[in-house]
Amino acid sequence: MERTLVLVKPDAVQRGLIGEVIARLERRGLRLVAARFVQVDRKLAERHYAVHKGKPFYDGLIAYITSAPVMAMVWEGPNAIAAVRQTMGSTRPTEAAPGSIRHDFGLTVGRNLTHASDSPQTAQEEVNLWFKPDELITWERDLDRWIFDA
Ligand SMILES: Nc1ncnc2c1ncn2[C@@H]1O[C@H](COP(=O)(O)OP(=O)(O)O)[C@@H](O)[C@H]1O
Ligand SMILES: [Mg+2]
């Protein structure tokens, strides 16, 4: 079982797509662990995107992620990290697979709607950055045995 951080970014919040993103992750079979609606401050933005510091798009990225609230969530399931990245689609919407969120709702890399952790290590770091341990809910769903094979 893996856990991964998902952000519905400011453009998707402004466009009324929080429910759409949640619906797709639920329909995929993933299980919600935590959720918080957050106005991101510069400090959190810089910590979250530290790996991109110094890149040409960094300042624009910090402005983007702090421009309106985000819906921060943790989702879990077998292969959750890869599954969620696939549901989001490639970083550039024009390269994202048809049926993915970035394909279906996006046009440009600078307004690509969502964030999802890209590896087990970043998932753990990002979950810890955005949520306190007591905000992560461990629970069982009656459907789990029909979706998870272990
Ligand atoms: N060339 C770019 N121009 C503008 N924004 C970019 C560019 N590359 C990446 N970004 C933004 O930075 C975010 C983080 O980049 P990256 O980690 O490479 O993608 P991902 O969000 O798919 O993991 C992207 O989702 C996108 O919002
Ligand atoms: Mg990334």
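The rules we used
Residues numbered from 1 in each chain as written. Chains lettered and ligands numbered in written order. Predicted model: local features only at pLDDT ≥ 70, side-chain atom pairs only at ≥ 80, totals over all residues. Heavy atoms only, no water. Salt bridge = Lys/Arg side-chain N within 4 Å of Asp/Glu carboxyl O. Helix = DSSP H or I, 4+ residues; strand = E, 2+ residues; numbered from the N terminus. Buried < 20%, exposed > 50% of the residue type's maximum accessible area, 1.4 Å probe, protein only. Pairing = 2+ DSSP bridges. Axes fitted to C-alpha atoms, helices over the stretch in contact; angles between N-to-C directions. Polar contact = N/O pair within 3.5 Å; in protein donor to acceptor, adjacent residues only side chain to side chain. Contact = heavy atoms within 4.5 Å. Phe/Tyr/Trp six-rings, centres within 6.5 Å; stacked < 30°, edge-to-face > 60°. Lys NZ or Arg CZ within 6 Å of the ring centre and 35° of its normal. Near = heavy atom within 4 Å. Nonpolar A, V, L, I, M, F, W, Y, C, P; charged D, E, K, R; others polar.

The subject of this paragraph is the pattern of salt bridges. Two side chains bearing opposite charge may form a pair once their charged atoms approach each other closely. Across all of its chains, the model carries 7 salt bridges by this definition. Put simply, E76 and R3 hold a salt bridge, and the shortest N to O gap is 2.9 Å. Here E76 is found in strand β3 (residues 70-77), whereas its partner R3 is found in strand β1 (residues 2-8), with 73 residues between them in sequence. Classification of E76 by relative accessible area gives buried; the value is 5%. Classification of R3 by relative accessible area gives partly exposed; the value is 28%. Close ionic contact of E20 with R24 constitutes a salt bridge, the shortest N to O distance being 2.8 Å. Residue E20 and its partner R24 are both found in helix α2 (residues 18-28); the two are separated by 4 residues, about one turn of the helix. Among the charged side chains, a network of salt bridges with common partners joins R3, R31, E76, R141 and D144.

A separate point is the sheet that holds β1. Strand order in this open sheet of 4 strands is β2-β3-β1-β4, and the pairing throughout is antiparallel. Lying at the two open borders of the sheet, with one neighbouring strand each, are β2 (31-38) and β4 (114-116). Along the sheet, successive strands turn relative to each other by an average axial angle of 15°, direction set aside. Bridge count for β1 against β3 is 7 bridges, and the pairing is antiparallel. Bridge assignment links L5 to a residue of β3, and that residue is V74.

Now for unusual backbone geometry. If you check the backbone angles, N79 has positive phi at about 60° while not being a glycine. Within the fold, N79 resides in the loop between β3 and α5 (80-88). Owing to a relative accessible area of 55%, N79 belongs among the exposed residues under this scheme. Its identity as a non-glycine residue notwithstanding, L113 has a phi of 75°, on the positive side. Of note, L113 is situated in the loop between α6 (101-105) and β4.

Position of R102 among the secondary structure elements: in helix α6. A polar atom in the side chain of R102 sits 3.0 Å from the backbone oxygen of G89. At 3.1 Å, the side chain of R102 and the backbone oxygen of N112 are in polar contact. When near neighbours in sequence (up to four residues on either side) are disregarded, R102 contacts K9, M88, G89, S90, T91, P93, A96, N112, L113, T114 and H115.

Our focus in this paragraph is the packing of aromatic side chains. Taken as a whole and assessed by the stated rule, the structure comprises 0 aromatic pairs. Its guanidinium or amino end placed over the ring of F131, R36 lies 5.4 Å from that ring's centre, counting from NZ or CZ.

Glancing now at the site of ligand 1. Near ligand 1, the surroundings consist of 13 residues, among which K9, H52, R85, T91 and N112 are the closest. Measuring from an oxygen atom of ligand 1, one finds a side-chain N or O atom of T91 at 2.5 Å. A per-class count over the shell around ligand 1 returns 5 nonpolar, 4 polar and 4 charged.

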